[in-house]
Amino acid sequence: MCFPGGPAGSRDITDGFNRRSGLDFYVAMPPTTPYAGKFSNCGVYSGNNNNYQQPHSPYRHCASAKTTKESVYSGAYENPYDIPHAHSVYCGGTTKERHYSSRSTVSDNLCSNPQPHSPRQHSTTCPARVHRQTSTSSGSEQSCRSSAAAKSRLNIHGVTASYGEMCYHDNSLVSASLEALIQHLVPTVDYYPDRSYVFTFLLSSRLFLHPYELMTRVCHLCVEQQRSGDTLLDKIRFREVAPKLVQLLTEWTETFPYDFRDDRMMRCLKDMTHHVARGDEYSWRAMQQMTQRLIKRLSALGQYEEAVAALSAVATERPASLKSKRESAPRSDVLSVCDDPFVLAQQLTHIELDRLSFIGPEEFIQTFALKDPLENHKGFFRKRKTSNLEAYVNWFNRLSYLVATEICMPVKKKQRARIIEFFIDVAQECFNIGNFNSLMAIITGMNMSPVARLKKTWSKVNTDKFEILEHQMDPSSNFSNYRTALRGATQRSETAHSVQEKIVIPFFSLLIKDIYFLNEGCASRLPNGHINFEKLWELAKQVSEFLVWRQVICPFDRDRRILQFLVTTPVFAEDELHLASYESEGPENNMEKDSRRSLRSSLLHRENRS
């Protein structure tokens, strides 16, 4: 689907940052992220971790998020639909993805303050690491430490400074070499990377190298930096850094678990578990627990994907009305299954949140990862592992065609008008809930040409509410009305007094479009070869909002009969919709008559071949 207008309104990357004087800049080293306040609603961004002693999950919820998911994912994917395939029915557990926590290994002082942390409250051991030496430190980095003042400059936009191969502007990382960014991710005894940096780099590093390569290099550097030539000393030093390495791997496995569907990633994780076991039993147990949670998550993902595939196979059937609707056997329509718009909107919200929860944040980036043909030899990127994202887009299309099919199927004009009014009420309830994706799918279905041409039917419909909803989702000015409504729903979610008020389901195709334009509109590398980290911050900012939205538990009761109807009832393809529309209200001109004749011939030929 094509949408008019450009990407979301552009804004200055540094807008809203606190600017400091040159003196303040050197008193407190700059933090890694400019978005600490913005990201504080998501567990990934709630605090810095330079002083902790034990590994823990990055997703302990603050006080304002107590009504969202529990912290431990503990079960398989529960399929809420009845599918005629024995292997595709799963029982037990929950349908929602959950964030995890190593409950026995949580350090209580890490997230004790539920308030958003200031990006300026950052230890001097981070981010350029100018106060520590490692075996990988270069001479240029040593020189940078001794002449930082000479390498910073004051301009009309604020303070810019360079530390080795990492550049900062107004206390925020803006660019660096790939090697420096990898090194910046590696924890040591006295250093742990800012968690917003961990999320941002793990999310977008796949634009430049395979996750397996990154994990291999990070683990290698973490181990090698502790080597001194003395076996006993090396063991002591690794025991001190092991909890932080486990913490980093915990954040990786819990935020990007789908990376570990790659066998090489799992082998690397297994190797590190054996290495940790030789030095620290406490960290080894934490690694074991982390691996068990990861396996449960990947198992649930596999079950979910099989269930979606089975549902898709059932839904590919077509309604038996190609010869004539009047000759067809009676068919259950939407009103015979559910005549309450609010209940149907609730069930649509169940499906939306269920499918959203299985979309990995990395799928947004992998849709356009490594498009340079010189780098496309990496098979990982050719596969474009975005199946759950694509399945969600397919659900939007299915819902649109379901709406159009339900409207075009009835023989009587009065019944068609009644179904149109029903879907208008469902769309309004979706808007009130905050389910913008189902809202837009319904509007799209009702605006398809086979439905729009039913003038006699529409003449019986009060369209006032529909016109208001169309105005809310009007694509003009880059969907400005929708974006205003989305901001309102987001604010309501942040101050919610009930789980229902927390629901925000964005118009997903537009979210993908925004991320696409952000990627296409900004260079990933600067002329000097550095990674443009300002772009990576913006990508992480967009994806982090999605992570907050997808973690809400749907508070409505499930109705299996309605859910079954929504995901499995056969729908028309485009040609079949046009023919059904002509059978509802005959052609009005010669062009439509020719179109109907052609459609009948082609569809009859297709039936005979099948």
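As a reminder, the structure under discussion sits directly above these lines.
Small disclaimer: the values here were computed from a predicted structure and weren't measured.

## Considering the environment of Leu178
Line of reasoning, step 1. Turning to its location among the elements, Leu178 is positioned in helix H5 (residues 178–185).
Line of reasoning, step 2. We classify Leu178 as buried; its relative accessible area is 15%.
Line of reasoning, step 3. Sequence separation of Leu178 and Arg525 is 347 residues, and the distance between their C-alpha atoms is 9.9 Å.
Line of reasoning, step 4. Dropping the residues within four chain positions of it, Leu178 is found in contact with Phe201, Phe208, Leu209, Arg525 and Ile531.

## Re a nonpolar patch on the surface
Line of reasoning, step 1. A contiguous nonpolar surface patch, about 270 Å² in accessible area, is contributed by Leu232, Leu233 and Ile236.
Line of reasoning, step 2. When you line up the elements, Leu233 lands in helix H8 (residues 231–255).

## Observations regarding the pattern of salt bridges
Line of reasoning, step 1. Counted under the stated rule, the structure contains 14 salt bridges.
Line of reasoning, step 2. The closest approach of N and O atoms between Arg206 and Asp259, which form a salt bridge, is 2.8 Å. Of this pair, Arg206 sits in the loop between helix H6 (195–204) and helix H7 (211–224) while Asp259 sits in the loop between H8 and helix H9 (263–279), placing them 53 residues apart in sequence.
Line of reasoning, step 3. By relative accessible area, which is 1% here, Arg206 ends up buried.
Line of reasoning, step 4. In this structure Asp259 comes out as buried when scored by relative accessible area, which is 3%.
Line of reasoning, step 5. Linking Asp594 and Arg597 is a salt bridge whose minimum nitrogen-to-oxygen distance equals 2.9 Å.

## Quick notes on the packing of helix H21 (residues 476–494) against helix H22 (residues 508–521)
Line of reasoning, step 1. Interaxial distance between H21 and H22 falls to 12 Å at its minimum, and their mutual angle equals 125°. As the angle between them shows, H21 and H22 are arranged oblique. By crossing handedness, the relation of H21 to H22 is classed as left-handed. Taking contact as the criterion, the partners of Asn478, Phe479, Tyr482 and Arg483 in H21 are, on H22, Leu510, Lys513 and Asp514.

## Here's the deal with the packing of aromatic side chains
Line of reasoning, step 1. This model, assessed by the stated rule, comprises 19 aromatic pairs.
Line of reasoning, step 2. Geometrically, the ring pair formed by Phe364 and Phe508 is tilted, given 5.7 Å between the ring centres and 55° between the ring planes. Placement of the pair is Phe364 in helix H13 (residues 362–366) and Phe508 in helix H22, with a sequence separation of 144 residues.
Line of reasoning, step 3. Judged by relative accessible area, which is 1%, Phe508 ranks as buried.
Line of reasoning, step 4. Here the guanidinium or amino end of Arg206 rests over the ring plane of Phe256, the centre of that ring lying 5.4 Å away.

## Focus on the environment of Ala315
Line of reasoning, step 1. For Ala315, the position within the fold is in helix H10 (residues 281–315).
Line of reasoning, step 2. Its relative accessible area of 12% is what places Ala315 among the buried residues.
Line of reasoning, step 3. Along the chain, Ala315 and Leu566 lie 251 residues apart, while their C-alpha atoms are 9.7 Å from each other.
Line of reasoning, step 4. Filtering out sequence-adjacent residues up to four positions away, Ala315 remains in contact with Arg398, Val567, Thr568 and Pro570.

## Here we look at unusual backbone geometry
Line of reasoning, step 1. Even without glycine at this site, Asp170 takes up a positive phi of about 50°.
Line of reasoning, step 2. Of note, Asp170 is situated in the loop between strand S3 (166–169) and strand S4 (172–176).
Line of reasoning, step 3. With relative accessibility at 1%, the residue Asp170 sits in the buried group.
Line of reasoning, step 4. Positive phi, normally seen in glycine, also occurs at Asn171, with a value near 70°.
Line of reasoning, step 5. Along the chain, Asn171 turns up in the loop between S3 and S4.
Line of reasoning, step 6. The class for Asn171 is buried, based on a relative accessible area of 2%.

## Regarding the state of the cysteines
Line of reasoning, step 1. Under the criterion given, the structure shown has 0 disulfides.
Line of reasoning, step 2. Considering cysteine sulfurs only, Cys219 is the nearest to Cys222, which forms no disulfide, with 7.3 Å between them.
Line of reasoning, step 3. With relative accessibility at 0%, the residue Cys222 sits in the buried group.

Cut-offs used in this document
- Residue indices follow the written sequence of each chain, beginning from 1 at its first position.
- Reporting of local features is limited, given that this is a predicted model, to residues whose pLDDT is at least 70; pairs of side-chain atoms are given and counted only at 80 or more, and all residues count toward the totals for whole chains, interfaces and linings.
- Computation of side-chain values: all heavy atoms of the structure, hydrogens and water removed.
- Numbering of helices and strands starts at the N terminus; helices are DSSP runs of H or I of at least 4 residues and strands are runs of E of at least 2.
- Residue exposure (1.4 Å probe, protein chains only): buried if accessible area is under 20% of the type maximum, exposed if over 50%, otherwise partly exposed.
- Two residues qualify as a contact provided that any one of their heavy atoms is within 4.5 Å of a heavy atom in the partner residue.
- In this analysis, a patch consists of residues with relative accessible area above 30% that form no salt bridge, clustered at 9 Å for like charges and at 5 Å for the nonpolar side chains Val, Leu, Ile, Met, Phe, Trp and Tyr.
- All accessibility values rest on the Shrake-Rupley procedure with a 1.4 Å probe; residue burial counts only the protein chains present in the view.
- Only one rule defines a salt bridge in this text: a Lys or Arg side-chain nitrogen within 4 Å of an Asp or Glu carboxyl oxygen.
- Helix axes use the C-alpha atoms of the stretch in contact, all axes being lines fitted to C-alpha atoms, and the angles between their N-to-C directions lie in the range 0 to 180 degrees.
- Here is the rule for angles: anything less than 35 degrees is roughly parallel, anything more than 145 is roughly antiparallel, 65 through 115 is roughly perpendicular, and the remaining ranges are oblique.
- Here a crossing is taken to be left-handed if its near helix is turned anticlockwise relative to the far helix by less than a right angle, and right-handed if that turn runs clockwise.
- Here a Phe, Tyr or Trp ring, Trp counted by its six-membered ring, pairs with any other such ring whose centre lies within 6.5 Å, and the pair is stacked when the planes are under 30 degrees apart, edge-to-face when over 60, and tilted otherwise.
- Note on criteria: charge over ring means Lys NZ or Arg CZ within 6 Å of the ring centre, with the direction from the centre no more than 35 degrees off the ring normal.
- To count as a disulfide, a pair of cysteine sulfur atoms needs to be within 2.5 Å.

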